[in-house]
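Fold and geometry: a report
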Amino acid sequence: MAFLQAVLDGLMIGGVYAVISIGLTLVFGVMGIINFAQAEFLMLGMFIAYFAWQFLGLDPLIGSVLSFAIIFGVGVLVQMTLIQRVLHAPPVAQIFVTVGLLIVIENLALIAFGSDFRSVSTPYQTSALRLGPLFLSVPYLAAFLMSLLSGCALWLFTNKTWYGRAMRATAQDPMAAHLMGIDADRMRQIAFGLGVGLTAFGGAVILPYFTVQPTVGQQFVVLMFTAVVLGGLGSVAGAVVGGLAVGVIQSVSTLFFPIQLQNLILFIVFITVLALRPTGLLGAAR
Amino acid sequence: MRLLPAGIAVLAAAVLPLFLDPLGYPIRVLTLALLFAALGQAWNIVGGLANQISLGHAAFFGLGAYTSTLLLINFGISPWIGMIAGAALAAVAALLLSFPTMRLRGHYFALATLAFAEVLRVIATSWSEVTGGPVGLSVPFSPDSFLLLQFRSTLPYYYIMLGALVLISGVFLLIRESALGYRLRAVKENVDAAEVIGVDTTRVKIIASVVSAALTAILGTLYAQFTYFFDPDAVFGIVPISIRAAMVAILGGAGTVVGPIIGAFFIIPVEEFANSYLSSRTAGLSQLAFGLALIAVILIQPRGIIVLIKEGAARFRKGSEA
Amino acid sequence: MSHPILEMRQISKHFGGLQALEDVSFDVAPREIVGLIGPNGAGKSTLFNTLVGLHKPTAGTVRLQGEEITGLKPHKVAERGMTKTFQNVALFSETSVFDNVLIGALLRNTVADARRRAEMCLERVGLGAVARKMASDLSFPERARVEVARGLATQPKVLLLDEVMAALNRVEMEEIMALIRSLREDGLTVVVVEHHMHAIMSLCERIIVLNFGRKIAEGSPEEIARNPEVVRAYLGREYA
């Protein structure tokens, strides 16, 4: 019984991990770089939703849309000014541009917001629904549903709109896309913007049960990367599977192992997948 | 690497602190700078020579700090011995980590190293019974003792850190000028070509990795003994240690022996200055500046400040000849 | 052939769905100069890669000097005495010409001895003068020759040359051919992949022809030139 509860909780939270991870995998899929600063955009998304709650009285679930929109714009700017320049540079340059970005964003936040922990309070924060013998925490469920919604929106975008398909084309074969008249640079900007925007969105929807401060991103780093690697870097479906898997693994392992081993397990999963099947369970070869 | 200027520099560095107040702030800053220069140099062995971009050196640093301190606290073992134990543990960790990461390149490798250090950090934070948890560990206080590597004055620490820097730089040069160094260069440029002409690329990468890890752990012990107190975030942290080690080397010039020294003596004094004279909020300013500097260096002159200095000097010499 | 220096039996290599090599078998005698030809995509480079261990064959065995080397890593194969050059030249470009060759010599020498050997090998290929230059500063033909020197530095018994004569003019080609013949005089066995038919015909005692990953012919230059399958492979049905 406790097992089922853990699985349920894990799936709920895994849904959010999925959204957060989709952002990361999208960036890799289209540009071939791992954005080490990804978790910082999550933090920014959380802060935007927090301030929207504090000053506009918006529930974070609605504020999340605002987070998405703003960070999308920021992402496009970042891509244009920084990422674009190192697309053809050696990996060391690509790695440290995003690492530098990590430092810049985290410290900008520290300077602007200070290091205090902040949290929101929503009317449903402590409510839970009953599902037979199991409990479904309402904030978890709300976050999960929002994630589902955004996942569907993303699917619609990438499959049903011209921009989405153009983006996938650019990811698969930049030269061919270019020859078809697709502005690859624009597509990459959109992809990066979407990528960080989605992660920011994910951060916002978990605000009801999380506290935010400028270094909160660090907690999600290994998680996010494990989910993405598990599902396959570059595969959106993989990020979903990976996110859910990480959520469940994390949740279930609390039943059997002390908390310190939980992360070790995650790491073992991570390193095993990287070593044996770097393309992940669902990933496209790259 | 010219011996005379290097010798003069070391001599100057050895004499300098005699003019400073041994309990004062400036010598403390210099000592920290020496430590981080040494850390950057250790990273340089894998990042600069072998082009294995590690974002997880904090793993070895923290292993060194925790091993020696726990041995001291629980068994009264001298940190000099604890240092060796820490280095051995880190070497084993590096060796074990090599196997799954051997075929990983670039981004993937960096990611794996980052994840490893993060996991150790989380374990250290949660395994309170052993590691003291998020509160951290304090080195038990004792009066001045060489055996216990504890001094009230900063001066002995300064010389120890200087010694560490000279030692690690020496190892760096030794490797670079040896057969191993040539092979690492080959691996850095083209792994397949290197293999085909007889370079055991796996073995070569592992050796560099293990040496770097052991040296990094030693620095972790020295750090613990110098600061008397540390917590998981300070010694296993991505930003304070892993990124710092890489940044110091890259800013100064990865792959060169003076690079990490330049990088550290640029970053640490500025940062310490900011920490002490600015409020904690605006202290983030110095970090921000470093982040921006890192990005700027990558975009403008990825080979580091050393190249800018050399070019500037060359232009100066040309100008004075005109 | 009594004691072939290099034997391959039923070498096959798949890449996912692609069959790059299928059931390739042949022997090379010591001090032979053997040509390996075939249309583009026939699998010649893949065969070389498989022989030196860059790829593991899906099936088949390779023996060098009687000992099995199938599946050994390239550095072990180099240790046993076989190395290759790369089709598009894979020099360490941020390194000097001299150091490139030196690294090859390190396989069997200390650094000091390796320096001497590197000098010798560069002289051998006629590039002693450019030793101190950066590899990336050389012309393509010069770089191809540096790769040969680098391979020689490993003191191999068998040298696999992958299109070292690409982009060469007639004079340069004659020089390389003279070099290859002199290497054979010194005891080396050489397998050459080339597209210049003239060079292959005059240089090689025996020629192996691949097409679509299979060996379609084997024989002396005259036999190959008259072989209708070979003509068909290169020129299409109409000319057979």
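That block above? That's the structure.
A brief structural summary. (Residues numbered from 1 in each chain as written. Chains lettered and ligands numbered in written order. Predicted model: local features only at pLDDT ≥ 70, side-chain atom pairs only at ≥ 80, totals over all residues. Heavy atoms only, no water.)

Considerations on the overall build of chain A
- Within chain A, the regular secondary structure consists of eleven helices and two strands.
- Listing each helix as α and each strand as β along chain A from the N terminus yields α-α-α-α-β-β-α-α-α-α-α-α-α.
- Taken along the three principal axes of its C-alpha coordinates, chain A extends 60 × 45 × 35 Å.
- Sequence separation of 24 or more characterises 77% of the internal contacts of chain A that already satisfy a separation of 6 or more.
- Taken as a whole, chain A presents about 11,300 Å² of accessible surface, with 70% of it coming from carbon and sulfur.
- A distance of 11 Å separates the average location of the 10 positive side-chain charges in chain A from that of its 8 negative side-chain charges. (Helix = DSSP H or I, 4+ residues; strand = E, 2+ residues; numbered from the N terminus. Contact = heavy atoms within 4.5 Å. Areas by Shrake-Rupley, 256 points an atom, 1.4 Å probe, with all protein chains shown as cover. Lys, Arg positive; Asp, Glu negative; His and termini not counted. Charge placed at Lys NZ, Arg CZ, Asp CG, Glu CD.)

Regarding the overall build of chain B
- Check the secondary structure of chain B and you find 15 helices and two strands.
- For chain B, the C-alpha radius of gyration of 20 Å lies close to 20 Å, the compact-globule estimate for 322 residues.
- Dimensions of chain B along its principal axes, counting C-alpha atoms only, are 60 × 50 × 40 Å.
- Here chain B holds 322 residues, and the buried ones make up 58% of them.
- Sequence-distant contacts in chain B: of pairs separated by 6 or more residues, those separated by 24 or more amount to 75%.
- Total accessible area on chain B stands at roughly 13,000 Å², and carbon and sulfur atoms take up 70% of it.
- Here chain B contributes 19 positive and 15 negative side-chain charges, whose respective centroids are spaced 8 Å apart. (Rg over C-alpha atoms; globule rule 2.2 N^0.38 Å. Buried < 20%, exposed > 50% of the residue type's maximum accessible area, 1.4 Å probe, protein only.)

Things to note about the interface of chain C and chain B
- Facing the 24 residues of chain C at the interface are 18 residues of chain B.
- By the criterion of area lost to chain B, the three top residues of chain C are C:His75, C:Phe92 and C:Ile103, representing 30% of everything that side buries.
- If you look at where chain C meets chain B, you find one salt bridge.
- Between B:Arg185 and C:Asp99 there is a salt bridge, with the nearest N and O atoms lying 3.4 Å from each other.
- Breaking the side of chain C that touches chain B down by element, the ones donating at least two residues are helix H2 (74-80), strand E6 (82-84), helix H3 (97-105) and helix H4 (111-124) of chain C.
- A total of four residues in the side of chain C that touches chain B trace back to one element, the largest contributor, which is H3(C). (Buried area = accessible area lost by both parts, 1.4 Å probe. Salt bridge = Lys/Arg side-chain N within 4 Å of Asp/Glu carboxyl O.)

Re the arrangement of the chains
- Most contacts, compared over the two pairs of chains touching, are made between chains A and B.
- Left apart from each other, chain A and chain C have a closest C-alpha approach of 12 Å.

Description of the interface of chain B and chain A
- Each side of the interface is counted separately: chain B has 40 residues, and chain A has 45 residues.
- For the pair chain B and chain A, the two sides together bury roughly 3,700 Å², of which 82% comes from carbon and sulfur.
- Taken together, the links from chain B to chain A amount to zero salt bridges.
- Only helix H4 (79-101), helix H5 (106-126), helix H12 (238-252) and helix H14 (280-300) of chain B provide two or more residues apiece to the side of chain B that touches chain A.

Structural notes on the environment of B:Asn44
Residue and element names in this part refer to chain B.
- Inspection of the secondary structure assignment puts asparagine 44 in helix H2 (residues 25-49).
- Taking the C-alpha atoms as reference points, asparagine 44 and serine 212, separated by 168 residues in sequence, lie 8.2 Å from one another.
- Setting aside anything within four residues of it in sequence, one finds asparagine 44 in contact with Leu49, Phe172, Ala254, Gly255, Thr256 and Pro260.

Topic: the side chain of B:Arg121
- Mapped onto the secondary structure, B:Arg121 falls in helix H5.
- For B:Arg121, a relative accessible area of 11% corresponds to the buried category.
- Here B:Arg121 is in contact with A:Gln218, B:Pro232, B:Asp233, B:Phe236 and B:Gly237, once residues within four sequence places are set aside.

Looking at the sheet that holds strand E2 (residues 18-28) of chain C
Residues and elements named next belong to chain C.
- Ordered in space as E2-E1-E4-E5, the four strands form an open sheet in which the pairing is antiparallel. Sheet topology places E2 and strand E5 (67-68) at the edges, where each strand pairs with a single neighbour.
- Pairing of strand E1 (residues 6-15) with strand E4 (residues 59-64) involves five bridges; the strand directions are antiparallel. Within E4, the residue paired with glutamate 7 across the bridge is arginine 63. (Pairing = 2+ DSSP bridges.)

Considering the pattern of salt bridges
Residues and elements named next belong to chain C.
- Applying the stated criterion to the full structure yields 17 salt bridges over all chains.
- Between aspartate 27 and arginine 9 there is a salt bridge, with its nearest N and O atoms 3.1 Å apart. A residue pair is termed long-range when its members are at least 10 positions apart, and aspartate 27 in strand E2 and arginine 9 in strand E1 qualify at 18 residues.
- We note a salt bridge from glutamate 68 to arginine 63, for which the minimum N-O separation is 3.8 Å.
- For arginine 63, a relative accessible area of 32% puts it in the partly exposed group.
- Each of Glu32, Arg206, Lys215 and Glu218 takes part in one network of salt bridges that share partners.

Describing the packing of H3(C) against H4(C)
All names here are of chain C.
- Taken N-terminus to C-terminus, the directions of H3 and H4 make an angle of 120 degrees; their axes are 8 Å apart at the nearest point. In terms of their interaxial angle, H3 and H4 are classed as oblique. The interaxial crossing formed by H3 with H4 has right-handed handedness. Across from Val97, Phe98, Val101, Leu102 and Ala105 in H3, the residues of H4 making contact are Val111, Ala114, Arg115, Arg117, Ala118, Glu119, Cys121 and Leu122.
- The residue inventory of the contact of H3 with H4, partitioned by class, reads ten nonpolar, no polar and three charged. (Axes fitted to C-alpha atoms, helices over the stretch in contact; angles between N-to-C directions. Parallel < 35°, antiparallel > 145°, perpendicular 65-115°, else oblique. Left-handed = near helix turned anticlockwise from the far one by under 90°. Nonpolar A, V, L, I, M, F, W, Y, C, P; charged D, E, K, R; others polar.)

Some words on the nonpolar core
- Counting residues in hydrophobic clusters, the biggest one holds 276 residues, and the most contacted among them are A:Phe36, A:Phe96, C:Leu6, C:Leu47, C:Met82 and C:Met165.
- Examining the composition of this core, we find that 15 residues originate from one element, H2(B), more than from any other.
- Those residues within four positions of C:Leu47 in sequence are excluded, and the remaining contacts are C:Met8, C:Ile11, C:Leu21, C:Val24, C:Phe26, C:Leu36 and C:Leu210.
- By size, the runner-up hydrophobic cluster in this structure holds six residues, among which are A:Leu8, A:Leu134, A:Leu136 and A:Phe144. (Core = buried A, V, L, I, M, F, W, Y, C linked by side-chain atoms within 4.5 Å.)

Thoughts on a nonpolar patch on the surface
- Together, A:Met1, A:Phe3, A:Leu4, A:Leu255, A:Phe256, A:Phe257 and A:Leu261 make up a nonpolar patch on the protein surface, roughly 690 Å² of accessible area in all.
- For the nonpolar patch, the secondary-structure elements that each account for two or more residues are helix H1 (2-31) and helix H10 (236-256) of chain A. (Patch = residues over 30% accessible without salt bridge, like charges linked within 9 Å, V, L, I, M, F, W, Y side chains within 5 Å.)

Some remarks on the sheet that holds strand E7 (residues 158-162) of chain C
Residue and element names in this part refer to chain C.
- Taken together, the six strands give an open sheet; going across it, the order is E6-E7-E8-E3-E9-E10, and neighbouring strands pair in mixed fashion. Of all strands in the sheet, those with a lone pairing partner are E6 and strand E10 (214-219), marking the two edges. With direction set aside, neighbouring strand axes in the sheet form an average angle of 15 degrees.
- Pairing between strand E3 (residues 33-37) and strand E9 (residues 206-211): four bridges, direction parallel. Bridging from a neighbouring strand, valine 34 pairs with arginine 206 of E9.
- Against the sheet, helix H5 (residues 140-153) touches E6 and E7, its axis set at about 160 degrees to E7.

Quick notes on the packing of helix H1 (residues 3-15) of chain B against helix H7 (residues 154-177) of chain B
All names here are of chain B.
- Across the interface, H1 lies against H7 with an axial gap of 10 Å and an inter-helix angle of 165 degrees. In terms of axis orientation, H1 runs roughly antiparallel to H7. In the packing of H1 onto H7, the handedness of the crossing is right-handed. Along its contact with H1, which presents Val10, Ala13 and Ala14, the element H7 presents Tyr158, Tyr159, Leu162 and Val166.
- Class assignment of the residues belonging to the contact of H1 with H7 gives a composition of seven nonpolar, no polar and no charged.

Quick word on unusual backbone geometry
- Here B:Leu149, not a glycine, exhibits a phi torsion of approximately 50 degrees, which is positive.
- Classification of B:Leu149 by relative accessible area gives buried; the value is 0%.
- One non-glycine residue, C:Gln155, adopts positive backbone phi at about 50 degrees.
- As for its position among the elements, C:Gln155 is in the loop between H5 and E7.

A closer look at the pairing of E2(C)
Residues and elements named next belong to chain C.
- Sheet analysis places E1 next to E2, joined by seven bridges and oriented antiparallel. Within E2, the position partnered with lysine 13 by the bridge is leucine 21.
- Counted along the chain from E1 to the antiparallel partner E2, the turn is two residues long, and its residue glycine 16 has a positive phi close to 60 degrees.

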